[in-house]
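One-letter residues, chain by chain:
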Amino acid sequence: MSIGKLYGIGVGPGDPELLTLKAAKIIGKTDIIFAPKSRDGKPSVALSIVQEVLDERTDEFEVLEPLFPMIEDKNELDKHWNEAANLLLEKIKEGSDAVFITLGDPTVFSTFSYVAEKVESEGIELVIVPGITSFTACAAAANIQLTAQNDIMAIVPQVDERLSKILPYVDTVVAMKTSRHLDILEDCIKNDPREKSVISVQNCTMENECVVDGFVYNKQYFSTSIIKFNKK
C-alpha cells in the first residue's frame, strides 16, 4: 500500500478571496481535510475560509477537527498535539493524502508546526504551501508600508524582556495577539524616546474588521498592532 503525503496549507487571514489558487486546487482534491479548532463547540476559522471550495467538491473526502486549545499548560498542549499527529499519521499511512489548513502562513507562528516535525520524522513527505500572513493583511487594511529600504522589522507573538533589548535597533514592530500582553507592550513602546505611530487592526479581512489609531483595549483575540518609529 502506498503512503500518502501531508500538505501544510496557509489559508490566509480570514477573507476566503485571499486563499491562493494553489491552496484551493490542493484542498479541492485531497482525501483528508485537517482543520484544528481552539475549543469544542467553536467551529474552525480556517475551515470556514475554505468551506466554499469544499462545497464545490463532488468526490468523497473527510474533514477532521482536532482540538488545539489556547492554553499555557505545555503538558496538556503536547497531549493534544501528539493526538493530532498520530491521527494524521494513521490516515496517511493508510494511503490518504492529507491537508492541514492553518490561518495565515504555515511557517509563521502556526499550529501546523506542532505536528509537522513528528509527521516528517516518520518518513512522510511534507509539502508546505504559503499563505498570506495576518500582519501583511493588516498593513494593507491600514494602507501603510511595513518596511522600506533597509528598515528592520520585528514580529512578536508575546512581549517580554527581549523586545526592550532589541527595540532601539528596530524601525517597525508588529505585535500579534496584543490582547494577551498589551500592558507590557504599551509600556515598552512608551519608554522608547523616538517619535512613533501606532495602528491597530482587529479581525483583519473579516466582516467585523476594525482599523484604529493607537492601541485597542478590548480582549479581541485577532488583534494586531503595528508600531512604526520615526528615523528623524
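Since this is a predicted model, take the numbers as computed values, not measurements.

Engineer: Whenever I open this one, the sheet that holds strand β10 (residues 223-229) confuses me. Can you help?
Structural biologist: Whether parallel or antiparallel, the strands of a sheet pair through hydrogen bonds between backbone atoms. Spatially, the 5 strands line up as an open sheet ordered β6-β7-β10-β8-β9, and their pairing is mixed. Of all strands in the sheet, those with a lone pairing partner are β6 (153-156) and β9 (210-213), marking the two edges. Neighbour to neighbour, the strand axes of the sheet diverge by 15° on average, direction disregarded. Bridge count for β6 against strand β7 (residues 172-176) is 4 bridges, and the pairing is parallel. In the strand pairing of β7, A154 is matched with V173. This element, helix α5 (residues 134-142), spans β6, β7, β8 (196-202), β9 and β10 of the sheet and lies at about 70° to β10.

Engineer: Help me understand the sheet that holds strand β3 (residues 62-64), please; the structure alone is not making it clear to me.
Structural biologist: The 5 strands lie next to each other as β3-β2-β4-β1-β5, forming an open sheet whose pairing is parallel. Each having just a single partner strand, β3 and β5 (125-129) make up the two edges of the open sheet. With strand direction ignored, the average angle separating the axes of adjacent strands in the sheet is 20°. The sheet contact formed by strand β1 (residues 5-10) and β5 spans 5 bridges and is parallel.

Engineer: For this particular structure, what's the right way to read the packing of helix α3 (residues 74-93) against helix α4 (residues 112-121)?
Structural biologist: If you want to describe how two helices pack, look at the angle between their axes and the distance between the axes. Closest axis-to-axis distance for the α3/α4 pair is 9 Å, and the angle between their directions is 45°. The orientation of α3 with respect to α4, classified from their angle, is oblique. Crossing of α3 against α4: the hand is right-handed. On the side of α3, the interface is formed by W81, N82, A84, A85, N86, L88, L89 and I92, while α4 contributes Y114, V115, K118 and V119. The residue makeup of the contact of α3 with α4, split by class, is 9 nonpolar, 2 polar and 1 charged.

Quick notes on the rules
Residues numbered from 1 in each chain as written. Predicted model: local features only at pLDDT ≥ 70, side-chain atom pairs only at ≥ 80, totals over all residues. Heavy atoms only, no water. Pairing = 2+ DSSP bridges. Helix = DSSP H or I, 4+ residues; strand = E, 2+ residues; numbered from the N terminus. Axes fitted to C-alpha atoms, helices over the stretch in contact; angles between N-to-C directions. Contact = heavy atoms within 4.5 Å. Parallel < 35°, antiparallel > 145°, perpendicular 65-115°, else oblique. Left-handed = near helix turned anticlockwise from the far one by under 90°. Nonpolar A, V, L, I, M, F, W, Y, C, P; charged D, E, K, R; others polar.

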